[in-house]
Amino acid sequence: MANTDTPTDMEGWLVIDGYEDEPAAFGVPNYLGFHIRYICGVLESRGIPYTYMTVDQWRLKYKHLIKNKIDRDQLRRELSNLSGTIVLAGSIVPGKYVRGTPISQKELDEILAVFPKEQPILCGGWAIKNWRYSGWTPLRSNLFCAVNDIDASLNDFISTGAWKHSKRTQEQWSLWAHHGSKSKAVTDHPDLLTEDGRSGPLTYEIELYQGCVRFKRGCKFCIEPKKGVPLWRSEEDVLREISSAIDSGVRNIRIGGATDIYTYRAEGVRDLEYPIPNPEPISKVLYGARDDERLEILHVDNGNPSIVAENIEPSTEITKCMIDTLSDGAVLSFGLESADPKVHGMNWLNCDSEQLKIAIRHINDFGRFRGERGLPKLLPGLNFIAGLNGENKNSYALNLRLLEDLRSEGLWLRRINIRQVEGQGFQEISEPDFHSFKKTVRERIDKPLLEEMFPTGLILNDIWWETHGDRIRIPEHVLNPIHRDPSIYGKSGITFGRQIGAYPILVGVPYQIPLENSSDILVTGHGMRSISGVEIGLNINSVSQQQLESIPGIGKKAAWRIVSTRAKASRKSEVPFESVAHAFEIADLDMPLLAEKVLTI
C-alpha cells in the first residue's frame, strides 16, 4: 500500500530508506532492515514527527520533478518545511533485486541537490562509508555522513545541535529497537499490507547481535570483525521486539543481524579460535518466537561452517531446534569465499573446504525433508567471492572441484552466491576467468541441483506474484492498476513470483496473474536459477488457453481443441464439462498425467 504523502503533507523529519544489504543485515524489499527502524525509533522515542519513505516511493513520486528546473524549484520550496532529512544507504554495488533496488551514489547526489542548503541532512550506512572512503564529496553544506551508528548521530544532533560520529549504548539499542518495531518504517511500509488490506509479503529482519567471534583476525573483506567483540542482545529483548513487531502487523520474521546463528552467546568468544555454541539462548529465542500463533514465516540467516564442524555436538542441538521451529525453505548462508588454501590464508577466511563439507553434510542430514509449503526444511547456501588477494586461474578450478565433490556425494545447496569483492585493498579480477567460472557453475551445478530439489510435478504453496514480463519489478507494476486487476487473469504474458522467506526460488508462469496475490503451483521446468510452473486448482470449465498450454503434455493445438470444444458444449449446458476426464474425452485427447494434479472441476 503506497505512501500517499506529498511534500506539503510532510512534517518534522523525512526518513528515506535507501535499503541495506550488508554481510549481516538485509533490508531490500520485501525485507525491512533494522538500521532504518532504529533511526525511526530515535524519533518515536522522542515524540518527534517524521515521514517514512522508501527510495522506491521517492522515485515514483518525485524523481520526474528533479529533471525540470521549475518543478525542482517548487519541490525545493515545499521540502523547506522539513526539520531535516535522513538517508540510509546500505549497499555499495547494487545487484539485481526482484522487488526493489538500493539507492545509488548518483541517485543520492540528485536527492541531496533538491533539498534546501540550510536544511540538515544526515546520511549513513555501509554504502555511505565506502563512498566516502572512495572520495565521494557531495557539493552541499549542512551534510553529515555518519561513520558509526547513524541512529546515535541523529540522537546526539537532536540533543545538542551538533553532529558527531556516535555509537549507541546497549540501553539505546534496546530502546530504539522496541520503538522502531512499531514505527512508521513498519506501519507505513508498502509491503506490510496490500491495497485491499490483506497481509503483504513484508519480512522483518531482526538483529540478534553485532560483530563477529573472529574479531581478532576476521575475514579481511568483511566489516563485521571490525566492530570488535560481539555485543549480544538478551533473549528477552529480542523476543520483546518480535512481539511488538507482530502487534504492528508483521507476520514474517528472519532472525539475522548475526554473522553466525550458532555463536549467539557462545562460550569462549574472547579466548577460543572456535567458540563453543550455546544451544540454550538461541533455542529460547526460536521457541519463544514460534509460540506466537500469529507468526507465519520464521527464518534465520548466516552460519559459520567451521564452528559447526569443530563443535558438532552442541551445533547438532541448535540444528535440531531450527528444524523444530523454522518454516520450511530456511537457508543457512555458509561463507567459504574460496576453496584455494592460498586465498584462504592471505584473506583470513573463516573456514576451509574440509570444514565446509562437514557442515554441509550435517545440515543435509537433518534438513532435507519437505515441509508444508513443499520446500526442504533447512538447507545450506554457499558464498564465493572473486577478487580476493592471492586469487588466480587455479582458484576457480579449486572452487569448481569442491562443488563437483559436493555433487558427487549427492549433497544439496539451496543457492550458490558468486559475487565480486567490494571495497579497497584487493586485486583486480580476471573477468574472463570469473565469468567462465560463474557460467560453468550455473550450467553444471545449479540447474541439476534445482532439478533434484524442485522436481517436475512438485507442488509449492503460497507463491507471491510480483512482476509481469520481467524478473525485476518496475514502476509500471506499481503505478498501473491493470497489473493487479482480476480481468488480466489467464491472458498471454508471463508472471514471476516467489515464496516468502530466505533466498526464495524465482517462479515463472507463462500467463498473467494479478500481482500482489498468492497461489500454489506445480513445477513444470527448470532454468539455472529459477523454475517454471503452473497454478494448481485451475477449473477446466474456465481455464484459459494460455493456462492449458503451460501444463506439460498439452501443446498449443490440444489447448485450443479443449477451449473450442468447451465453447461448443457451453451452448447446450451451463457446465460444459462434467469432469476433467470428460473434457479430454470430448476433445478426443489423451489426458497427460500432470493434468490431473493441475485441473479441477
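Residues numbered from 1 in each chain as written. Predicted model: local features only at pLDDT ≥ 70, side-chain atom pairs only at ≥ 80, totals over all residues. Heavy atoms only, no water.

Asks: Just to check I follow, could you spell out the overall build of the protein for this structure?
Replies: Looking only at helices and strands, the protein has 21 helices and 23 strands in total. Taking 2.2 N^0.38 as the reference for a compact globule, 601 residues should give roughly 25 Å; the C-alpha atoms of the protein span a radius of gyration of 25 Å, in line with that estimate. In the protein, buried positions account for 59% of the 601 residues. Restricting to contacts in the protein with at least 6 residues of sequence separation, those with at least 24 account for 74%. Taking the 71 positively charged and 80 negatively charged side chains of the protein as two groups, their mean positions are separated by 5 Å. (Helix = DSSP H or I, 4+ residues; strand = E, 2+ residues; numbered from the N terminus. Rg over C-alpha atoms; globule rule 2.2 N^0.38 Å. Buried < 20%, exposed > 50% of the residue type's maximum accessible area, 1.4 Å probe, protein only. Contact = heavy atoms within 4.5 Å. Lys, Arg positive; Asp, Glu negative; His and termini not counted. Charge placed at Lys NZ, Arg CZ, Asp CG, Glu CD.)

Asks: Looking at this model, I keep getting lost on the sheet that holds strand β8 (residues 203–207). Mind explaining?
Replies: Strands in a sheet are paired, the pairing made by backbone hydrogen bonds, and the direction either parallel or antiparallel. Across the sheet, which stays open at both edges, the 4 strands sit in the order β3-β8-β11-β12 with parallel pairing between neighbours. On the outer flanks of this sheet lie β3 (31–32) and β12 (297–300), each paired with one strand and no other. Packed on one face of the sheet, helix α1 (residues 34–46) meets β3 and β8 and runs near 80° to β8. (Pairing = 2+ DSSP bridges. Axes fitted to C-alpha atoms, helices over the stretch in contact; angles between N-to-C directions.)

Asks: What should I look at first to understand the pattern of salt bridges in this one?
Replies: Two side chains carrying opposite charge are able to pair once their charged atoms lie near each other. Counting across every chain of the model gives 34 salt bridges. Where aspartate 149 meets arginine 168, a salt bridge forms, and the shortest distance between an N and an O atom there is 3.5 Å. One end of the pair, aspartate 149, is in the loop between β7 (143–145) and α6 (150–160); the other, arginine 168, is in the loop between α6 and α7 (170–180), with 19 residues separating them in the sequence. Judged by its relative accessible area of 13%, aspartate 149 is buried. A residue is classified by how much of its surface remains accessible, and arginine 168, at 11% relative accessible area, is buried. The salt bridge partner of lysine 284 is glutamate 236, with a shortest N-O separation of 2.6 Å. With lysine 284 in helix α10 (residues 279–290) and glutamate 236 in helix α9 (residues 235–247), this pair connects stretches of sequence that are 48 residues apart. You can call lysine 284 partly exposed: its relative accessible area is 38%. Ionic contacts of the salt-bridge type, sharing partners, join the residues Arg99, Asp191, Glu466, Arg473, Arg498 and Glu516 into one network. (Salt bridge = Lys/Arg side-chain N within 4 Å of Asp/Glu carboxyl O.)

Asks: So what exactly am I meant to see when it comes to the sheet that holds strand β15 (residues 378–386) here?
Replies: Spatially, 4 strands are ordered β13-β14-β15-β16 in an open sheet, and the strand pairing comes out parallel. Of all strands in the sheet, those with a lone pairing partner are β13 (302–303) and β16 (416–420), marking the two edges. Bridging between β15 and β16 involves 5 bridges; their strand directions are parallel. For leucine 382, the partnering residue across the bridge sits in β16 and is isoleucine 416. Contacting β14 (330–337), β15 and β16, helix α15 (residues 393–408) runs over the sheet at an angle of about 170° to β15.

Asks: Just checking my understanding: could you explain the packing of aromatic side chains for this structure?
Replies: Within a pair of aromatic rings, the relevant descriptors are the distance that separates the centres and the angle that separates the planes. All chains considered together, the criterion is met by 14 aromatic pairs. Aromatic pair phenylalanine 157 and tryptophan 163: ring centres 3.8 Å apart, planes at 10°, arrangement stacked. What makes phenylalanine 157 buried here is its relative accessible area of 15%. Considering the side-chain rings of tyrosine 209 and tryptophan 232, the 4.8 Å spacing of their centres and the 75° angle between planes classify their relative orientation as edge-to-face. Taken together, the residues tyrosine 209 in strand β9 (residues 209–210) and tryptophan 232 in strand β10 (residues 231–232) connect sequence positions 23 residues apart. (Phe/Tyr/Trp six-rings, centres within 6.5 Å; stacked < 30°, edge-to-face > 60°.)

Asks: Honestly, empty space enclosed by the protein in this entry has me stumped. Any pointers?
Replies: Once rolled over the atoms, a probe with the size of a water molecule shows which space is left empty. Summed over all chains, the structure comprises 4 cavities of 30 Å³ or more. If you add up the space inside the largest cavity, you get close to 120 Å³. As for the largest cavity, its lining consists of 16 residues, and the residues nearest its centre are Gly329, Leu375, Arg414, Ala502 and Tyr503. The class makeup of the residues in the lining of the largest cavity is 11 nonpolar, 3 polar and 2 charged. (1 Å grid on protein atoms, 1.4 Å probe; cavity = no way out; pocket = protein on both sides within 12 Å on 5 of 7 lines; lining within 4 Å. Points joined across faces, edges and corners; volume = space filled by probe spheres on them. Nonpolar A, V, L, I, M, F, W, Y, C, P; charged D, E, K, R; others polar.)

Asks: I tried to follow helix α14 (residues 353–367) on my own but got confused; where do I start?
Replies: Along an α-helix, residues three or four apart share an orientation, since each turn contains 3.6 residues. Between the first and last C-alpha of α14 there are 21 Å, a value that for 15 residues agrees with the 21 Å anticipated at 1.5 Å per step. Among the residues making up α14, those that are buried are Ser353, Gln355, Leu356, Lys357, Ala359, Ile360, His362, Ile363, Asn364 and Gly367. Of the surrounding elements, those touching the buried residues of α14 are α11 (305–310), α12 (312–325), β14, β15 and α15. Near the N-terminus of α14, the side chain that reaches the backbone nitrogen of glutamate 354, with its oxygen 3.2 Å away, is that of aspartate 352. (Expected span 1.5 Å × (residues − 1). Polar contact = N/O pair within 3.5 Å; in protein donor to acceptor, adjacent residues only side chain to side chain.)

Asks: Sorry if this is basic, but what is going on with the pairing of strand β17 (residues 459–468) here?
Replies: Here β17 lies mainly inside the structure; 8 of its 10 residues are buried. Across 4 bridges, β17 lies against strand β20 (residues 518–526) in antiparallel orientation. Residue pairing across strands places tryptophan 464 opposite serine 518, the latter belonging to β20. Looking at chain direction, β17 and strand β18 (residues 495–499) are connected through 5 bridges and run antiparallel.

Asks: Help me understand the side chain of histidine 526 in this model?
Replies: By secondary structure assignment, the location of histidine 526 is in strand β20. Looking at histidine 526, the relative accessible area reads 18%, which means it is buried. Here the side chain of histidine 526 touches phenylalanine 454 through a polar contact of 2.5 Å, landing on its backbone oxygen. In contact with histidine 526, not counting residues within four places along its chain, are Lys447, Leu450, Glu451, Phe454, Pro455, Thr456, Ile531 and Ser532.

Asks: I tried to follow the environment of serine 104 on my own but got confused; where do I start?
Replies: Checked against the element boundaries, serine 104 lands in the loop between β5 (84–90) and α4 (105–114). Take serine 104: its relative accessible area is 27%, and that puts it in the partly exposed class. Along the primary structure serine 104 and alanine 152 are separated by 48 residues, whereas in three dimensions their C-alpha atoms are 24 Å apart.

Asks: For this particular structure, what's the right way to read the environment of phenylalanine 584?
Replies: One can find phenylalanine 584 in helix α20 (residues 580–586). Through-space distance from the C-alpha of phenylalanine 584 to that of alanine 558 is 9.2 Å; in sequence the pair is 26 residues apart. If near-sequence neighbours (up to four positions away) are discounted, phenylalanine 584 is found in contact with Ile554, Ile562, Leu589, Asp590, Met591, Pro592, Ala595 and Leu599.

Asks: Would you mind going over the pairing of β14 with me for this structure?
Replies: Working note: regular strand, side chains alternate between the two faces of the sheet. Across the 8 residues that make up β14, a large majority, 8, are buried. Alternating residues of β14 divide into Ala330, Leu332, Phe334 and Leu336 and Val331, Ser333, Gly335 and Glu337, and every residue in both groups is buried. Two elements, β14 and β15, share 7 bridges in a ladder whose sense is parallel. Bridge pairing in β15 places leucine 332 opposite proline 380.

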